[in-house]
Amino acid sequence: MKKILFLILLCQISCKGQTECPEGINLLPMYGEVEKCERQLELDNEFVLEASKKFKNRKEASEYFVSKAWEYFYKNDNDTSMKRFNQAWLLDKSNPQTYWGFGNLLGKKNKFDESIKFFKKSIDLDPNNAKVYECISVSYGQMFVKTKDIKFLDLTIENLKKAVKIEPNNGKSLGQLASSYAYLNQKDSLIKYIRKTDEIDSKFVNPETRNSAKKK
């Protein structure tokens, strides 16, 4: 009798584990990359089906939800932004903006090491978006500040140069390059990028960076 009760209890625990749905995953990039329960998968399918009816195709639907995600992002409604980026990702996993969005939202939470993974994925899908190179350079820069590991500063510079190559008149990236070279104490490069930045907009040069160039 005890053995039967034990088996019944074991079955109940097992069945419960199979029906429980992971909570809060719509607030994590790519739904936390966890296995969804049956009900969640059903809801996903219903959502995709409805979106497919309203738009020409899933790609167009994904772009719509990306636009809503950025709208909430700039309103600092990060939770709703994450939900919309996830919906856009669910519709089209090849949409580079979803990964860019995930990276930015993680960056807002100071999870810079995690954000890099998503920026890299966005770059893999679209290597010509200067703004993503800017974003990943910020994450690498913060990793340098945190660890003092020079490799992160080198990666910051590498990605800023890629951003400038795509957008030569990108004053923000040029100014950040100047600041990066100030950390490295490479005066020739520091002065070079200060001048390049000033040609576009001098406000992008940090005053401390400008002072570094004047020191002997």
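Provided above is the structure to which this section pertains.
All values reported here derive from a predicted model rather than from experimental measurement.

**Student:** I'd like a rundown of the environment of Gln186, residues and numbers included.
**Tutor:** Looking at the element boundaries, Gln186 is found in the loop between helix 9 (171-184) and helix 10 (187-200). Given a relative accessible area of 38%, Gln186 falls into the partly exposed group. The spacing of Gln186 and Ala213 is 27 residues in sequence and 9.3 Å in space, taken between C-alpha atoms.

**Student:** I'd like to hear about the state of the cysteines, residue by residue, with values.
**Tutor:** Overall, the coordinates contain 1 disulfide when judged by the stated rule. Put simply, Cys21 and Cys37 are joined by a disulfide, and their sulfur atoms are 1.9 Å apart. Handedness of the Cys21-Cys37 disulfide follows from its S-S torsion of about 85 degrees: it is right-handed. With Cys21 in the loop between helix 1 (2-19) and helix 2 (38-54) and Cys37 in the loop between helix 1 and helix 2, the pair connects residues that are 16 residues apart, well separated along the chain. Judged by relative accessible area, which is 33%, Cys21 ranks as partly exposed.

Definitions and limits used
- Residues numbered from 1 in each chain as written.
- Predicted model: local features only at pLDDT ≥ 70, side-chain atom pairs only at ≥ 80, totals over all residues.
- Heavy atoms only, no water.
- Helix = DSSP H or I, 4+ residues; strand = E, 2+ residues; numbered from the N terminus.
- Buried < 20%, exposed > 50% of the residue type's maximum accessible area, 1.4 Å probe, protein only.
- Disulfide = S-S within 2.5 Å.

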